[in-house]
Amino acid sequence: MKVTCPHCKRRIKLKRGEDYICKCNNKINYMHFFKKKVNYLVYLLDANIFIYSDKKKDMRNLSCKKVLKIKSSKIKIGTTDVILDEIKENENINIPDTLKIYKIGKISEYIKSLKTNYLKQPSKADLSLLQAAINHPEVKGIITYDKDFGRIAAKGIIQKKSSSGFWLGTASDFLRKYKIKVDVR
Ligand SMILES: [Zn+2]
(Lines give C-alpha, C1' and ligand atoms only; values in the text may rest on other atoms or scores of the structure.)
Protein backbone atom coordinates (compact mmCIF):
# COMPACT_ATOMS: atom_id res chain seq x y z
CA MET A 1 0.00 0.00 0.00
CA LYS A 2 1.39 3.39 -0.99
CA VAL A 3 0.75 6.32 1.29
CA THR A 4 1.87 9.94 1.57
CA CYS A 5 3.74 10.96 4.68
CA PRO A 6 1.62 13.72 6.26
CA HIS A 7 4.77 15.47 7.46
CA CYS A 8 7.07 15.62 4.40
CA LYS A 9 4.74 14.39 1.63
CA ARG A 10 7.11 11.64 0.57
CA ARG A 11 5.41 8.65 -1.02
CA ILE A 12 6.03 5.56 1.02
CA LYS A 13 5.34 1.92 0.31
CA LEU A 14 4.04 0.17 3.41
CA LYS A 15 4.16 -3.56 3.89
CA ARG A 16 1.09 -5.23 5.24
CA GLY A 17 0.80 -4.73 8.98
CA GLU A 18 4.17 -3.04 9.36
CA ASP A 19 4.74 0.44 10.73
CA TYR A 20 7.48 2.51 9.15
CA ILE A 21 9.75 5.38 10.08
CA CYS A 22 9.81 7.94 7.28
CA LYS A 23 13.10 9.57 6.23
CA CYS A 24 11.82 12.74 7.90
CA ASN A 25 11.57 10.72 11.15
CA ASN A 26 7.78 10.73 11.18
CA LYS A 27 6.32 7.42 12.33
CA ILE A 28 3.85 5.99 9.82
CA ASN A 29 1.20 3.84 11.48
CA TYR A 30 0.01 1.17 9.13
CA MET A 31 -3.49 0.66 10.48
CA HIS A 32 -4.19 4.38 10.46
CA PHE A 33 -3.63 4.54 6.70
CA PHE A 34 -5.23 1.22 6.02
CA LYS A 35 -8.54 2.26 7.57
CA LYS A 36 -8.55 5.53 5.64
CA LYS A 37 -7.74 3.95 2.32
CA VAL A 38 -9.79 0.78 2.26
CA ASN A 39 -13.38 1.00 3.34
CA TYR A 40 -14.31 -2.54 2.45
CA LEU A 41 -13.03 -5.99 3.31
CA VAL A 42 -12.44 -8.85 0.94
CA TYR A 43 -12.94 -12.53 1.67
CA LEU A 44 -11.21 -14.87 -0.74
CA LEU A 45 -13.00 -17.92 -2.09
CA ASP A 46 -11.15 -21.19 -2.38
CA ALA A 47 -11.80 -23.38 -5.43
CA ASN A 48 -14.04 -25.73 -3.43
CA ILE A 49 -16.61 -22.94 -2.89
CA PHE A 50 -17.09 -22.63 -6.66
CA ILE A 51 -17.12 -26.38 -7.12
CA TYR A 52 -19.80 -27.01 -4.47
CA SER A 53 -21.91 -24.16 -5.87
CA ASP A 54 -22.46 -26.42 -8.87
CA LYS A 55 -23.13 -29.65 -6.94
CA LYS A 56 -26.85 -29.51 -6.33
CA LYS A 57 -26.99 -32.60 -4.17
CA ASP A 58 -24.16 -31.55 -1.90
CA MET A 59 -25.20 -30.17 1.48
CA ARG A 60 -22.72 -27.32 1.00
CA ASN A 61 -24.34 -26.27 -2.28
CA LEU A 62 -26.78 -23.67 -0.96
CA SER A 63 -24.28 -21.88 1.30
CA CYS A 64 -21.74 -21.68 -1.51
CA LYS A 65 -24.33 -20.28 -3.91
CA LYS A 66 -25.33 -17.70 -1.33
CA VAL A 67 -21.75 -16.60 -0.77
CA LEU A 68 -21.31 -16.12 -4.51
CA LYS A 69 -24.35 -13.82 -4.53
CA ILE A 70 -23.17 -11.47 -1.82
CA LYS A 71 -23.55 -7.85 -2.85
CA SER A 72 -22.37 -5.40 -0.26
CA SER A 73 -20.38 -2.19 -0.24
CA LYS A 74 -18.55 -3.22 2.93
CA ILE A 75 -17.86 -6.86 2.23
CA LYS A 76 -16.62 -8.13 -1.09
CA ILE A 77 -15.78 -11.59 -2.28
CA GLY A 78 -12.67 -12.28 -4.29
CA THR A 79 -10.38 -14.96 -5.54
CA THR A 80 -7.19 -15.36 -7.54
CA ASP A 81 -6.58 -15.84 -11.24
CA VAL A 82 -4.95 -19.17 -10.35
CA ILE A 83 -8.18 -20.44 -8.77
CA LEU A 84 -10.28 -19.29 -11.72
CA ASP A 85 -7.93 -21.08 -14.03
CA GLU A 86 -8.36 -24.25 -12.00
CA ILE A 87 -12.16 -24.22 -12.20
CA LYS A 88 -12.57 -22.87 -15.74
CA GLU A 89 -13.25 -26.26 -17.28
CA ASN A 90 -16.57 -26.46 -15.48
CA GLU A 91 -18.75 -24.16 -17.54
CA ASN A 92 -21.68 -24.54 -15.18
CA ILE A 93 -19.95 -22.58 -12.46
CA ASN A 94 -21.35 -19.10 -12.31
CA ILE A 95 -18.66 -16.44 -11.78
CA PRO A 96 -20.37 -13.32 -10.44
CA ASP A 97 -19.48 -9.83 -11.72
CA THR A 98 -18.98 -8.72 -8.13
CA LEU A 99 -15.99 -11.01 -7.68
CA LYS A 100 -12.67 -9.25 -7.20
CA ILE A 101 -9.94 -11.11 -9.03
CA TYR A 102 -6.38 -10.83 -7.75
CA LYS A 103 -3.69 -11.52 -10.30
CA ILE A 104 -0.89 -13.48 -8.74
CA GLY A 105 2.32 -13.24 -10.66
CA LYS A 106 5.25 -14.85 -8.97
CA ILE A 107 4.85 -16.57 -5.65
CA SER A 108 7.13 -14.74 -3.21
CA GLU A 109 10.10 -16.30 -1.45
CA TYR A 110 8.20 -15.87 1.81
CA ILE A 111 5.31 -18.00 0.61
CA LYS A 112 7.71 -20.53 -0.88
CA SER A 113 9.43 -20.86 2.46
CA LEU A 114 6.08 -21.63 4.06
CA LYS A 115 5.61 -24.35 1.52
CA THR A 116 8.58 -26.24 2.81
CA ASN A 117 8.16 -25.41 6.48
CA TYR A 118 4.43 -25.56 7.06
CA LEU A 119 2.48 -26.99 4.17
CA LYS A 120 2.84 -30.60 3.15
CA GLN A 121 1.16 -30.77 -0.23
CA PRO A 122 -0.09 -27.30 -1.06
CA SER A 123 -1.59 -26.75 -4.46
CA LYS A 124 -0.74 -23.75 -6.60
CA ALA A 125 -4.23 -22.52 -5.79
CA ASP A 126 -3.58 -22.67 -2.01
CA LEU A 127 -0.38 -20.73 -2.41
CA SER A 128 -2.07 -18.12 -4.58
CA LEU A 129 -4.65 -17.46 -1.86
CA LEU A 130 -1.94 -17.00 0.74
CA GLN A 131 -0.06 -14.70 -1.58
CA ALA A 132 -3.16 -12.56 -2.23
CA ALA A 133 -3.86 -12.39 1.50
CA ILE A 134 -0.37 -11.17 2.24
CA ASN A 135 -0.16 -8.72 -0.66
CA HIS A 136 -3.52 -7.06 -0.14
CA PRO A 137 -4.40 -5.52 3.23
CA GLU A 138 -8.12 -5.45 2.47
CA VAL A 139 -8.14 -9.25 2.42
CA LYS A 140 -9.61 -10.21 5.75
CA GLY A 141 -10.13 -13.92 5.39
CA ILE A 142 -10.51 -17.03 3.29
CA ILE A 143 -13.71 -18.99 2.76
CA THR A 144 -12.89 -22.65 2.26
CA TYR A 145 -13.88 -26.21 3.10
CA ASP A 146 -10.28 -27.32 3.12
CA LYS A 147 -9.63 -27.85 6.82
CA ASP A 148 -5.99 -28.67 6.44
CA PHE A 149 -5.22 -25.55 4.53
CA GLY A 150 -7.41 -23.60 6.90
CA ARG A 151 -5.65 -24.70 10.03
CA ILE A 152 -2.28 -23.66 8.67
CA ALA A 153 -3.30 -20.41 7.03
CA ALA A 154 -5.32 -19.17 9.97
CA LYS A 155 -3.00 -19.91 12.82
CA GLY A 156 0.50 -19.14 11.86
CA ILE A 157 1.14 -17.52 8.63
CA ILE A 158 -1.04 -14.59 7.80
CA GLN A 159 -1.65 -13.62 11.40
CA LYS A 160 1.99 -12.72 11.78
CA LYS A 161 1.91 -10.45 8.79
CA SER A 162 -1.24 -8.52 9.59
CA SER A 163 -2.07 -6.43 12.59
CA SER A 164 -5.67 -7.58 12.75
CA GLY A 165 -6.99 -11.10 13.05
CA PHE A 166 -7.38 -13.20 9.95
CA TRP A 167 -10.67 -15.07 9.50
CA LEU A 168 -11.04 -18.55 8.11
CA GLY A 169 -14.13 -20.67 7.77
CA THR A 170 -16.65 -22.40 5.54
CA ALA A 171 -19.37 -20.77 3.44
CA SER A 172 -21.98 -21.44 6.10
CA ASP A 173 -19.68 -20.14 8.87
CA PHE A 174 -19.35 -16.98 6.83
CA LEU A 175 -23.10 -16.50 6.33
CA ARG A 176 -23.62 -17.00 10.05
CA LYS A 177 -20.87 -14.55 10.91
CA TYR A 178 -22.47 -11.75 8.93
CA LYS A 179 -26.05 -13.00 9.25
CA ILE A 180 -26.35 -12.63 5.52
CA LYS A 181 -29.63 -13.52 3.90
CA VAL A 182 -29.50 -14.00 0.15
CA ASP A 183 -32.28 -15.35 -2.02
CA VAL A 184 -31.06 -18.29 -4.00
CA ARG A 185 -33.12 -20.43 -6.29
ZN1 LIG B 1 7.99 11.99 6.08
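Here the structure is shown first, and the text comes after it.
Residues numbered from 1 in each chain as written. Predicted model: local features only at pLDDT ≥ 70, side-chain atom pairs only at ≥ 80, totals over all residues. Heavy atoms only, no water.

**Concerning the sheet that holds strand 5 (residues 41–45)**
One key point about sheets: their strands pair by backbone hydrogen bonds, in either a parallel or an antiparallel sense. One open sheet accounts for five strands, arranged 7-6-5-8-9; its pairing is parallel. Each edge of the sheet is formed by a strand with only one pairing partner; in this case those strands are strand 7 (100–102) and strand 9 (167–169). On average, adjacent strands in this sheet sit at an angle of 30° to one another, irrespective of strand direction. (Pairing = 2+ DSSP bridges. Helix = DSSP H or I, 4+ residues; strand = E, 2+ residues; numbered from the N terminus. Axes fitted to C-alpha atoms, helices over the stretch in contact; angles between N-to-C directions.)

**Some thoughts on the coordination of the zinc ion**
Listed as protein donors to the zinc ion are Cys-5 (SG), Cys-8 (SG), Cys-22 (SG) and Cys-24 (SG); their distances from the metal cover 2.3 Å. The site at the zinc ion holds four donor atoms, and with the angles between them running 102 to 113°, its shape is tetrahedral. In terms of primary sequence, the donors binding the zinc ion are separated according to C-x2-C-x13-C-x1-C. The exposure class assigned to Cys-22 is buried, which follows from its relative accessible area of 3%. (Donors = N, O, S within 2.8 Å, 3.2 Å for Na, K, Ca; no water. Tetrahedral: all angles 85-135°; square planar, octahedral: opposite > 155°, others 65-115°. Buried < 20%, exposed > 50% of the residue type's maximum accessible area, 1.4 Å probe, protein only.)

**Quick look at the nonpolar core**
Among the nonpolar cores identified, the biggest contains 42 residues, and Leu-44, Leu-45, Phe-50, Val-67, Ile-143 and Phe-174 are the most heavily contacted of them. Secondary-structure elements contributing two or more residues to this core are strand 5, helix 2 (47–52), helix 3 (61–68), strand 6 (75–80), helix 4 (81–87), helix 6 (124–135), strand 8 (139–143) and helix 8 (171–178). Of the residues forming this core, the biggest block, seven residues, is contributed by helix 6. Setting aside residues no more than four positions away along its own chain, Ile-143 makes contact with Tyr-43, Leu-44, Leu-45, Asp-46, Ile-49, Val-67, Trp-167, Gly-169, Thr-170, Ala-171 and Phe-174. Core analysis: the next-biggest nonpolar cluster, separate from the first, contains eleven residues, Met-1, Leu-14, Ile-28 and Tyr-30 among them. (Core = buried A, V, L, I, M, F, W, Y, C linked by side-chain atoms within 4.5 Å. Contact = heavy atoms within 4.5 Å.)

**A few points about a positive patch on the surface**
On the surface, Lys-2, Arg-11, Lys-13, Lys-15 and Lys-37 cluster together into a positively charged patch. In this fold, Lys-37 is placed in helix 1 (residues 30–37). (Patch = residues over 30% accessible without salt bridge, like charges linked within 9 Å, V, L, I, M, F, W, Y side chains within 5 Å. Areas by Shrake-Rupley, 256 points an atom, 1.4 Å probe, with all protein chains shown as cover. Salt bridge = Lys/Arg side-chain N within 4 Å of Asp/Glu carboxyl O. Lys, Arg positive; Asp, Glu negative; His and termini not counted. Charge placed at Lys NZ, Arg CZ, Asp CG, Glu CD.)

**Focus on the packing of helix 3 against helix 8**
At a closest axis distance of 8 Å, the pairing of helix 3 and helix 8 adopts a crossing angle of 55°. Judged on the interaxial angle alone, helix 8 and helix 3 are oblique. Remark: the crossing between helix 3 and helix 8 carries left-handed chirality. Of helix 8, the residues touching helix 3 (which contributes Ser-63, Cys-64, Lys-66 and Val-67) are Ala-171, Ser-172, Phe-174 and Leu-175. Residue composition of the contact of helix 3 with helix 8, by class: five nonpolar, two polar and one charged. (Parallel < 35°, antiparallel > 145°, perpendicular 65-115°, else oblique. Left-handed = near helix turned anticlockwise from the far one by under 90°. Nonpolar A, V, L, I, M, F, W, Y, C, P; charged D, E, K, R; others polar.)

**A closer look at the side chain of Asn-61**
By the secondary structure assignment, Asn-61 is in helix 3. A polar side-chain atom of Asn-61 sits 2.9 Å from the main-chain carbonyl oxygen of Tyr-52. When near neighbours in sequence (up to four residues on either side) are disregarded, Asn-61 contacts Tyr-52, Ser-53, Asp-54, Lys-55 and Lys-56. (Polar contact = N/O pair within 3.5 Å; in protein donor to acceptor, adjacent residues only side chain to side chain.)

**Looking at the layout of surface pockets**
Size it by volume and the largest pocket reaches roughly 280 Å³. The wall of the largest pocket is formed by 15 residues, among which Lys-65, Leu-68, Lys-69, Asn-94 and Pro-96 lie closest to the centre. In this structure, the second largest pocket encloses a volume near 230 Å³. Forming the walls of the second largest pocket are ten residues, and the residues nearest its centre are Leu-14, Lys-15, Arg-16, Ile-134 and Asn-135. Its residues assigned to classes, the lining of the second largest pocket comprises five nonpolar, one polar and four charged. Taken domain by domain, the makeup of the lining of the second largest pocket includes at least three residues from each of domain 1 (2–36) and domain 2 (41–178). (1 Å grid on protein atoms, 1.4 Å probe; cavity = no way out; pocket = protein on both sides within 12 Å on 5 of 7 lines; lining within 4 Å. Points joined across faces, edges and corners; volume = space filled by probe spheres on them. Domains from an automatic or database assignment.)

None of the figures reported here should be taken as evidence of function without further support.
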